[in-house]
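One-letter residues, chain by chain:
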Amino acid sequence: LTIDAKQNKQPILVSQSSRLQKRINEYSVLFKNELTIGMLMKESRSRDRNKQVRSCQFMRHEFLIRLSKVISNMQNLPYIILTNADIKRVLDLYMYAFSDMLHQPEIKTLGDVDKFNETLSGLLDDLQDIIWLLAKGIHESQPHFNGEEFPIIVKKIMDQIVINRLCNRILARHHLSMHVQREGYISVVHTELFSKKHD
């Protein structure tokens, strides 16, 4: 496996990818935290130094789990779909993101916090086009199924990827917005938000 999805990245060679895959397997079996409004608001109430460091440590661990689960799901797609160039590019981008997050230095200082936030922001930029790439790749893969509908497992995996992407971006934007003060908001959460009542 050679990953070359981003031109400014060094390729991940076969010898490296086997070690990376081992770490992906380790994180993919861990439980990720459920994304709730309450969790987001709790994580953003205090912004002292120790809180910022702990928040980044939590985000790094959480994103390693979340990225590993997306990668594992994609690797379970039928081989014929994984041979599509756009699908492979999405998988490569997620592998890059996992590798970048995995090799982040230990977060102990505010300087480490800034470096981590820069990496996280870059991760969002790198993965911003994956929905378009997935849609294109799936569309191009349709003829391989002789006009029949995709297997249920394919639909399930694609739904999981889209949902995970949405949750991951909310979580990341929330974390990165903690330093921005806006009236009526705690990071990206509106404090007057309430669920719609049904009769």
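So, a few notes on the structure that sits alongside this text. (Residues numbered from 1 in each chain as written. Predicted model: local features only at pLDDT ≥ 70, side-chain atom pairs only at ≥ 80, totals over all residues. Heavy atoms only, no water.)

A pair can form between side chains of opposite charge whenever their charged atoms are brought close. All chains considered together, the criterion is met by six salt bridges. D86 is paired through a salt bridge with K136; the nearest N and O atoms lie 2.8 Å apart. Of this pair, D86 sits in helix α5 (residues 85-102) while K136 sits in helix α7 (residues 130-141), and the two are 50 residues apart along the sequence. For K136, a relative accessible area of 32% corresponds to the partly exposed category. (Salt bridge = Lys/Arg side-chain N within 4 Å of Asp/Glu carboxyl O. Helix = DSSP H or I, 4+ residues; strand = E, 2+ residues; numbered from the N terminus. Buried < 20%, exposed > 50% of the residue type's maximum accessible area, 1.4 Å probe, protein only.)

A separate point is helix α3 (residues 49-75). Taking 1.5 Å of rise per residue, 27 residues should cover 39 Å, and α3 covers 39 Å from first to last C-alpha, within 8% of that figure. Counting buried residues along α3, 19 of its 27 residues qualify, which places the element largely inside the surrounding structure. (Expected span 1.5 Å × (residues − 1).)

Attention now moves to the packing of aromatic side chains. Each aromatic ring pair is summarised here by two numbers: the centre-to-centre distance and the angle between the ring planes. By the definition in use, this model includes one aromatic pair. Between the aromatic rings of Y27 and F98, the centroid separation amounts to 6.0 Å while the plane-to-plane angle is 75°, which identifies the pairing as edge-to-face. Of this pair, Y27 sits in helix α1 (residues 14-28) while F98 sits in helix α5, and the two are 71 residues apart along the sequence. Relative accessible area serves as the criterion here: at 0%, F98 is assigned to the buried category. (Phe/Tyr/Trp six-rings, centres within 6.5 Å; stacked < 30°, edge-to-face > 60°.)

One way to put it is that helix α6 (residues 110-126) packs onto helix α8 (residues 152-176) with a least axis distance of 10 Å and a crossing angle of 145°. In this structure, the crossing between α6 and α8 has a hand that is left-handed. From α6, F116, N117, L120, S121 and L124 reach across to α8, where they touch R169, A172, R173, H175 and L176. Looking at side-chain class alone, the contact of α6 with α8 contains five nonpolar, three polar and two charged residues. (Axes fitted to C-alpha atoms, helices over the stretch in contact; angles between N-to-C directions. Left-handed = near helix turned anticlockwise from the far one by under 90°. Contact = heavy atoms within 4.5 Å. Nonpolar A, V, L, I, M, F, W, Y, C, P; charged D, E, K, R; others polar.)

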